[in-house]
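Observations on chain architecture
Now for the letters of each chain:
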Amino acid sequence: MTTQERFARRRKKLEEKLTRLDLQEARTLQREQAHDEQIARDLAGVPGHFAHGLNFYKLFWVFFLCCFLGVVIETIFCWIASGRLSQRTGLVWGPFNLIYGIGAVLLMTRMIPEHGVARGVWHSVFHSISAFCNAGFDLVGGFSYYKNDPVVQLIICALITVGGIGFSVLFDLQRNHLRFARLSLHSKLVLVISAILTLGGAICFFVLEIENPRTLADPEMYPYMRPVNALFQSVTARTAGYNTLNQADLTPPSLMLTMILMFIGASPASTGGGLKTTTFGLFFLLIYNVLRGRERVVVFRRTVNQGQMNRAVVLFTLALTLIIVSYLLLTLLLEPSEAVNSSNIMYEVISAFGTVGLTIGVTAELNAAGKILMCVVMFVGRVGLLTIALGITRRPP
């Protein structure tokens with residue numbers, strides 16, 4: 001190869017690189033402009049927009065009160081049922097307010113420089129509560145806005161995880177000063193299964209998406225952010241609903257993995273929905289012990305009673321039945337289109353059951369009957385299959 005050919009080749013590569021940089025800059029400016037317009041509409045209450053008559057600050061306080069009252073009411077009912085309300089009333093506000101506060105303060109370090117003091121504080125508090133409550137609402141038009149920000153992603157991951165492990169586990173950790181050996185069997189199962197699902201999911205997402213140019217291999221994504229985004233996808237699929245990666249751009253194996261994580265969901269007595277981690281863990285421990293020819297299920301040197309194992313099998317069966325029936329009904333209610341196909345409908349149904357909120361386009365195509373069906377699935381997934389079943393049969397738990 002002559003010198004002129006080498007120079008021509010290098011010049012061509014530089015021109016291609018400059019073209020990509022110009023395209024990335026144009027996309028960034030377009031996103032920022034759309035984001036500014038969205039905020040302006042929210043603040044002004046533009047007619048025809050969802051925020052008409054409800055400005056940003058009112059929206060924040062409505063959201064704050066709903067999440068706040070939801071946590072308080074659920075906790076009080078749990079304590080009344082256990083007869084310990086008078087003994088633990090002092091534990092209601094401390095841990096939750098501390099978690100909200102720490103998350104909000106940490107988010108302020110990133111959002112105040114970006115949005116200013118007033119709006120940065122509001123955004124920080126809003127996203128802190130939304131993440132802890134596994135709500136998935138955001139004020140930035142999608143969390144892909146932060147796909148290159150490790151601080152925001154890791155803080156949100158931590159809040160989602162803490163909110164998803166359950167109030168009883170949080171109290172157990174507080175009572176035993178974070179000592180794993182002293183925790184109850186329930187708490188140990190929740191922590192171990194949650195860690196396996198989170199880390200295993202992150203590794204799988206990283207391997208499956210590392211060569212996908214529309215997700216982790218996106219030229220706009222920094223290389224060191226690829227494992228962080230894989231971790232965020234693994235955590236948020238467990239009922240949170242945030243997403244830094246476009247779900248429609250995921251590879252089929254990644255979509256299947258996301259559906260599995262959404263089906264399992266969070267832990268009992270938490271802010272999330274789904275089958276629950278302990279039910280999933282006990283079900284597969286039962287399968288393992290049956291295959292090994294063992295009559296008893298022993299976990300952490302403790303035997304799980306047969307009633308709990310039967311309950312896990314019943315819950316798993318009811319969850320699969322609900323998803324299959326809902327899937328069949330939704331296929332009958334919706335007309336086939338590019339966005340509405342069998343795999344996408346299954347994704348939406350499982351997302352509703354886990355109260356996740358992730359979508360790949362079917363939600364926008366729902367008719368009135370489809371929306372009612374999805375609301376029922378979300379309600380059952382959040383309240384709990386066993387609670388609904390016992391309420392219908394009118395038998396005490």
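Residues numbered from 1 in each chain as written. Predicted model: local features only at pLDDT ≥ 70, side-chain atom pairs only at ≥ 80, totals over all residues. Heavy atoms only, no water.

Section: the packing of helix H8 (residues 185-209) against helix H9 (residues 226-236)
Our working rule: Axis definition: a line fit to C-alpha positions, over the contact stretch in the case of helices; interaxial angles, taken between N-to-C directions, run 0 to 180 degrees. Secondary structure elements follow DSSP: runs of H or I no shorter than four residues count as helices, runs of E no shorter than two count as strands, and numbering proceeds from the N terminus. When describing relative orientation, an angle under 35 degrees is termed roughly parallel and one over 145 degrees roughly antiparallel, while 65 to 115 degrees is termed roughly perpendicular and anything else oblique. Rotating anticlockwise by less than a right angle from the far helix to the near helix defines a left-handed crossing, while the corresponding clockwise rotation defines a right-handed one. By definition in these notes, contact holds between two residues if any of their heavy atoms fall within 4.5 Å. Residue polarity is assigned by list, with Asp, Glu, Lys and Arg as charged and Ala, Val, Leu, Ile, Met, Phe, Trp, Tyr, Cys and Pro as nonpolar; anything else, Gly included, falls into the polar class.
Between H8 and H9, whose axes approach to 8 Å, the crossing angle comes to 130°. Between H8 and H9, the interaxial angle falls into the category oblique. Crossing angle aside, the handedness with which H8 passes H9 is right-handed. Contact with H8, carried on its side by Leu-197, Thr-198, Gly-201, Ala-202, Phe-205 and Phe-206, involves Arg-226, Pro-227, Ala-230, Leu-231, Gln-233, Ser-234 and Val-235 of H9 and no other residues of that element. When the residues that make up the contact of H8 with H9 are grouped by side-chain class, the tally is eight nonpolar, four polar and one charged.

Some details on the pattern of salt bridges
As a reminder, the rule being used: Any carboxyl oxygen of Asp or Glu that lies within 4 Å of a side-chain nitrogen of Lys or Arg is treated as forming a salt bridge with it. Think of it in three bands: with a 1.4 Å probe and only protein chains considered, a residue is buried below 20% of the maximum accessible area for its type, exposed above 50%, and partly exposed in between.
All chains considered together, the criterion is met by five salt bridges. Asp-218 is paired through a salt bridge with Lys-147; the nearest N and O atoms lie 3.0 Å apart. Linking Asp-218 in the loop between H8 and H9 with Lys-147 in the loop between helix H5 (117-132) and helix H6 (150-164), this pair joins segments that are 71 residues apart in sequence. For Asp-218, a relative accessible area of 12% corresponds to the buried category. Judged by relative accessible area, Lys-147 falls into the buried class, the value being 10%. In this structure, Arg-175 engages Asp-172 in a salt bridge whose closest nitrogen and oxygen atoms are separated by 2.9 Å. Separated by three residues within a single helix, Arg-175 and Asp-172 lie in helix H7 (residues 167-175), roughly one turn from each other. We classify Arg-175 as partly exposed; its relative accessible area is 49%.

Digging into the packing of helix H10 (residues 252-264) against helix H13 (residues 342-353)
Where H10 contacts H13, the two axes come as close as 8 Å, and the packing angle between them is 25°. Judged by the angle between their axes, H10 and H13 are roughly parallel. Between H10 and H13 the crossing geometry is left-handed. Of the residues in H13, those in contact with Leu-255, Thr-258, Met-259, Met-262 and Phe-263 of H10 are Met-346, Tyr-347, Ile-350, Ser-351 and Phe-353.

Observations concerning unusual backbone geometry
One non-glycine residue, His-177, lies in positive phi territory at about 55°. Its place among the elements puts His-177 in the loop between H7 and H8. Relative accessible area serves as the criterion here: at 60%, His-177 is assigned to the exposed category. With a phi angle near 50°, Phe-300 is a residue other than glycine that sits in the positive phi range. With respect to the helices and strands, the residue Phe-300 is situated in the loop between strand S1 (297-299) and strand S2 (302-304). Take Phe-300: its relative accessible area is 35%, and that puts it in the partly exposed class.

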